[in-house]
Amino acid sequence: MSEMDDLAAFAVLIEAGSFTLAAQQLGCSKGQLSKRISQLEAQFSVVLLQRTTRRLSLTAAGAALLPQAQALVVQVEKARQALARLKDDMAGPVRMTVPVSLGETFFDGLLLEFSQKYPEVQIELELNNSYRDLSRDGFDLAIRSEVANDQRLVAKPLLAWQEMTCASPAYLERFGEPTMPQALAEHRCLLNSHYSGREEWLYHLQHELLRVRVSGPFASNHYSLLKKAALSGAGIARLPSYLLQAELADGRLKWLLRDFQTRRMPMYLVHPYQGGLPKRTQVLADYLIGWFKRSGEALDQL
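Keep in mind that this is a model prediction, so the values were computed, not measured. (Residues numbered from 1 in each chain as written. Predicted model: local features only at pLDDT ≥ 70, side-chain atom pairs only at ≥ 80, totals over all residues. Heavy atoms only, no water.)

Caption draft 1: Representation of the overall build of the protein within the structure. When you go through the protein residue by residue, the secondary structure sums to 10 helices and 13 strands. Scaling as 2.2 N^0.38, a compact globule of 302 residues should have a C-alpha radius of gyration of about 19 Å, whereas the protein reaches 32 Å, well beyond that. Dimensions along the principal axes, computed over C-alpha positions, put the protein at roughly 105 × 40 × 35 Å. Across the 302 residues of the protein, 41% fall into the buried class. (Helix = DSSP H or I, 4+ residues; strand = E, 2+ residues; numbered from the N terminus. Rg over C-alpha atoms; globule rule 2.2 N^0.38 Å. Buried < 20%, exposed > 50% of the residue type's maximum accessible area, 1.4 Å probe, protein only.)

Caption draft 2: View of the pairing of strand E4 (residues 121-127). Here strand E3 (residues 92-98) runs beside E4; their pairing, made up of seven bridges, is parallel. Paired with Val94 across the bridge in E4 is Ile123. Where the polypeptide runs from E3 across helix H5 (residues 100-117) and back to E4, its parallel neighbour, the crossover connection is right-handed. (Pairing = 2+ DSSP bridges. Right-handed = clockwise from strand over helix to strand, strands pointing away.)

Caption draft 3: Structural context of the packing of helix H1 (residues 3-16) against helix H2 (residues 19-26). Running from N to C, H1 and H2 cross one another at 130°; their axes reach a closest spacing of 8 Å. Between H1 and H2, the angle is such that the two are oblique. Seen along the crossing, H1 lies across H2 with a hand that is right-handed. For the pair H1 and H2, the contacting residues are Ala9, Val12, Leu13 and Ala16 in the first and Phe19, Leu21, Ala22, Gln25 and Leu26 in the second. When grouped by side-chain class, the residues that make up the contact of H1 with H2 number eight nonpolar, one polar and no charged. (Axes fitted to C-alpha atoms, helices over the stretch in contact; angles between N-to-C directions. Parallel < 35°, antiparallel > 145°, perpendicular 65-115°, else oblique. Left-handed = near helix turned anticlockwise from the far one by under 90°. Contact = heavy atoms within 4.5 Å. Nonpolar A, V, L, I, M, F, W, Y, C, P; charged D, E, K, R; others polar.)

Caption draft 4: Main features of a nonpolar patch on the surface. Taken together, the side chains of Phe107, Leu111 and Leu112 define a hydrophobic patch exposed on the protein surface, amounting to about 290 Å² of accessible area. Tracing the backbone shows Phe107 in helix H5. (Patch = residues over 30% accessible without salt bridge, like charges linked within 9 Å, V, L, I, M, F, W, Y side chains within 5 Å. Areas by Shrake-Rupley, 256 points an atom, 1.4 Å probe, with all protein chains shown as cover. Salt bridge = Lys/Arg side-chain N within 4 Å of Asp/Glu carboxyl O.)

Caption draft 5: Structural context of the packing of H5 against helix H10 (residues 279-300). Running from N to C, H5 and H10 point in directions that differ by 115°, and their axes come no closer than 11 Å. As H5 packs across H10, the resulting crossing turns out to be right-handed. Along its contact with H5, which presents Leu102, Thr105, Phe106, Gly109, Leu110, Glu113 and Phe114, the element H10 presents Val283, Leu284, Tyr287, Leu288, Trp291, Phe292 and Arg294. Classifying every residue of the contact of H5 with H10 by side-chain character gives 10 nonpolar, two polar and two charged.

Caption draft 6: How the structure looks around the pattern of salt bridges. Within the structure shown, the criterion is met by 14 salt bridges. The closest approach of N and O atoms between Arg36 and Asp6, which form a salt bridge, is 3.3 Å. Note that Arg36 is positioned in helix H3 (residues 30-44) and Asp6 in helix H1, a separation of 30 residues in sequence. Of the two residues, Arg36 and Asp6, both sit in the buried class. The salt bridge involving Glu163 is made with Arg263; its shortest N-O contact spans 3.0 Å. Here Glu163 is found in strand E6 (residues 153-167), whereas its partner Arg263 is found in the loop between strand E12 (254-256) and strand E13 (264-272), with 100 residues between them in sequence.

Caption draft 7: Broad picture of the side chain of Glu41. Inspection of the secondary structure puts Glu41 in helix H3. Within polar-contact distance, the side chain of Glu41 engages the backbone nitrogen of Leu48 at 2.8 Å. (Polar contact = N/O pair within 3.5 Å; in protein donor to acceptor, adjacent residues only side chain to side chain.)

Caption draft 8: Focus on the pairing of strand E7 (residues 188-192). For E7, the tally of buried residues reaches four of five residues, placing the bulk of the element in the interior. Direction of pairing for E7 relative to strand E10 (residues 215-220): parallel, over a ladder of four bridges. Bridging from a neighbouring strand, Arg188 pairs with Ser215 of E10. As judged from the two bridges shared by E7 and strand E11 (residues 236-240), these two strands associate in the parallel manner. Looking at E11, one finds that Leu190 is bridged to Ala237.

Caption draft 9: Main features of helix H8 (residues 223-231). For H8, the full list of buried residues reads Tyr223, Ser224, Leu226, Lys227, Ala229 and Ala230. Looking at the packing, one finds that the buried side of H8 touches H5, E6, E7, E10, E11 and helix H9 (245-250). Following H8 by one or two positions, Gly233 has its phi on the positive side, about 90°.

Caption draft 10: Quick peek at unusual backbone geometry. Despite not being glycine, Ser45 has its phi angle at roughly 60°, a positive value. With respect to the helices, strands and loops of the structure, Ser45 is situated in the loop between H3 and strand E1 (49-51). Unusually for a residue other than glycine, Leu257 sits at a positive phi of about 55°. In this structure, Leu257 sits in the loop between E12 and E13.

And the structure:
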């Protein structure tokens, strides 16, 4: 036992008034407790107690040491309570709503990394492209591309993604690779039906804006389906950069027209305004910020 343990035992002994009761509270034998008090006396080279068969009384040295020992017990109890509150704060649900395709990108990480590190946090992940009122609908976190002027919400920048024009090697081998945006008019393009202007793709080169009319065999409002179609060789797609890290890295898709700038969109991590986030919500928010930072750095290296 450490000196601090012996000091705490001394305070418990005086509070209990007997070796028998104190030993029960400390979970040790009377002999072990007596030995700890003797060790404490030897450590300070003083006598702390006058022991009789009927009662314990403090010496002057014991009376001087007792307030310090009692303060130590109080601090230990405060530390225990703080850890208990932290444990309670880390256990429980965190409800989060995110766009469908975005949630699919970090879902594996939530299961394999976050949930193994924080198994007591229960994640409820809603994939929804519709706006949700976080306070009214009971959500702790959200990821959004637009942040309304709502003083009830706190928004932190998460990433800025861009649309990448890409196709599979099989498609490019069959139909050739476009080197200018205008060439897309002669290719099979995969269209995003979520946008009303889906048949017009915009590109920027320095200060010049290029508008290209495109068409193709397939349209969908779901980025993941468009990516699957591109992987199968069905055509050329414009997809958000956060969806493409693995496919670009291993060569299953090729990034086309890299010299031409495309639309960039910010994404924000949003939560209701409150004095301080529960620990379980904060660690999830920190994980997501770190995950997207790593993903962005990996894309920059391609």
